[in-house]
Amino acid sequence: KDLSFTCNKSPARPAHPKVARIGPEYPRPPPQYFLRNSNRMQRATASAAAFCRSAKGSTTFVRHSSTSFLTVRVPHGRRKQNKSLQRSMNSSSDVADAFTPSPDHALLRETVRNFAEAEVDGRQAITFNKEERFNINLFRKLGDLGLLGVTVPEEYGGAGFDATAACIVHEELSASDPAFCLSFLAHSLLFANNLARNGTEEQKHKYLPAACSGELIGGMCMSEPGAGTDVFGMRTKADKIDGGSKYVINGSKMWITNGTLDGETTGDAFLVYAHTAEQGQKPGLSLFLVEKGTKGFRLGQQIKDKCGMRASMTAELVFEECIIPAENLVGVEGKAAACMMRNLEIERLGLAAMSCGIARRCVELMVKYSGERKAFGEPLRNFGQIQRLIADSYASMSAGRALMYQIAKGMDLDKEAVPGSNKRVETDAVKLFCGKMGKDAADAAMQVMGGYGYVGEYQVERLWRDSKLLEIGGGTNESHHKNIVRDLSAPGRWVIA
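Description of the structure in this document. Small disclaimer: the values here were computed from a predicted structure and weren't measured.

Cut-offs used in this document
- Residues numbered from 1 in each chain as written.
- Predicted model: local features only at pLDDT ≥ 70, side-chain atom pairs only at ≥ 80, totals over all residues.
- Heavy atoms only, no water.
- Helix = DSSP H or I, 4+ residues; strand = E, 2+ residues; numbered from the N terminus.
- Pairing = 2+ DSSP bridges.
- Buried < 20%, exposed > 50% of the residue type's maximum accessible area, 1.4 Å probe, protein only.
- Contact = heavy atoms within 4.5 Å.
- Polar contact = N/O pair within 3.5 Å; in protein donor to acceptor, adjacent residues only side chain to side chain.
- 1 Å grid on protein atoms, 1.4 Å probe; cavity = no way out; pocket = protein on both sides within 12 Å on 5 of 7 lines; lining within 4 Å.
- Points joined across faces, edges and corners; volume = space filled by probe spheres on them.
- Nonpolar A, V, L, I, M, F, W, Y, C, P; charged D, E, K, R; others polar.

Details of unusual backbone geometry
In step 1: With phi around 55°, Glu132 is a residue other than glycine that occupies positive phi space.
In step 2: In this structure, Glu132 sits in the loop between helix H3 (123–131) and helix H4 (136–144).
In step 3: The phi torsion at Glu321 lies on the positive side, around 50°, for a residue other than glycine.
In step 4: Here Glu321 is to be found in strand E11 (residues 314–325).

Considering the pairing of E11
In step 1: Pairing of strand E7 (residues 246–257) with E11, which is carried by nine bridges, proceeds in the antiparallel orientation. Paired with Lys253 across the strands is Leu317, a residue of E11.

Regarding the environment of Thr314
In step 1: Summarising the element assignment, Thr314 is placed in strand E11.
In step 2: A relative accessible area of 7% means that Thr314 is categorised as buried.
In step 3: For the pair formed by Thr314 and Ser183, sequence separation is 131 residues and the distance between their alpha carbons is 9.3 Å.
In step 4: Contact partners of Thr314, with chain neighbours within four places excluded, come to Trp255, Ile256, Gln301, Gln302, Ile303 and Lys306.
In step 5: Here Lys306 takes part through its side chain, which lies 2.7 Å from a polar atom of the side chain of Thr314.

Regarding the layout of surface pockets
Space left empty within the atom packing is revealed by a probe, the size of a water molecule, rolled over the atoms.
In step 1: Within this model, the largest pocket holds a volume of roughly 1,200 Å³.
In step 2: Top element by residues in the lining of the largest pocket is helix H8 (residues 336–372). It accounts for seven residues.
In step 3: When grouped by side-chain class, the residues that make up the lining of the largest pocket number 20 nonpolar, 13 polar and 11 charged.

What follows is the structure, given as structure tokens:
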């Protein structure tokens, strides 16, 4: 009765087993209010988001993996004092902009930023990168927050958000640790989103709830030792056996994120691309689900001593007479190229968002350092050379973010990719632009900070190393050049709006 917005007060219930806390515990159990992540509850969510900002970190966020509810636990002493809860929420203009277009997105951004600053900055970003280890316990907290299935429909245990929400999560996590975010991208987009859009109902119900909770950690296998950008040059094959009731896979995959989680065994489950063909037919790409422990499937090697992204584990995976049931085929045999192109669009948006997160943190660090550090009796920010580095980085970051969120706004995750379409061109373009932009911002930050930026004690050195991968992974800059020119040159297939 103290709140001006409509909500459901929770009945007595046992404590939920999965709770991720941001901020201190309360001395006594507070009342709970459930906010559904849907447009019907935008007014309530906006009020909760406004309150969370005023609570200054004392709010506890709880994501219930079995429902679409997000619980905001409110301290007793703050409810009546908070005037923001009393105001009319007829308009969401106070939180809506190009980067957070709805109250749901605003609350999501705030939740992820609080989590990243409290949990990812610090030990995760420093220790796990130095030791080249994957922080599996912290990763599973993302499942407790409902983020591991951010774009997975709610009926399979996901959050049911859109492409904009995926960009928000990747941007916020990457600002703290791009390597941790890269493992998140491989799981949430390359595995979970891919399966949610292309799998059968049986496959979705079998794998996605565990993937969304973090019980299962997955990835995707496309690149090979001799086939990267030339994806159709892959040599991994899957042949039917036992009258078509099974497939046998032979080949190897390289540079697989989440390929191992402990350096000794494979990750939990993978979507694997392989050539298939009936006798006498032209080979086509097919997509298969392969689980850890499948006979003939093993870890080849963990790829160590990488330039960057060292807290995200990378591996070679080997398939030697690996036999799987025919029901592990995802989609239609020989037609997986469409699945691949469809998922590449959201992957490239996620990678662009990672570059934006890196750039944002670099701009923040440059502004802070240049105000504190003095040379010739003046703060560094008073010198034109330093001003140029900061201003150019900010302008480029702003342009990249604007392009990325504009593309995300128009992306329908359930719609198949169309060769030569504006979306194909746009996702190539945004990753091409943002990849270089993020690397340039990290380079500028290192230049501003001088020797301090060059050593591992400070974040810039790590961001600088991490940023380079975003010009390679998910499509090299050269592949984007080729794709963009090809699609722009095709008559009648691309139109400037």
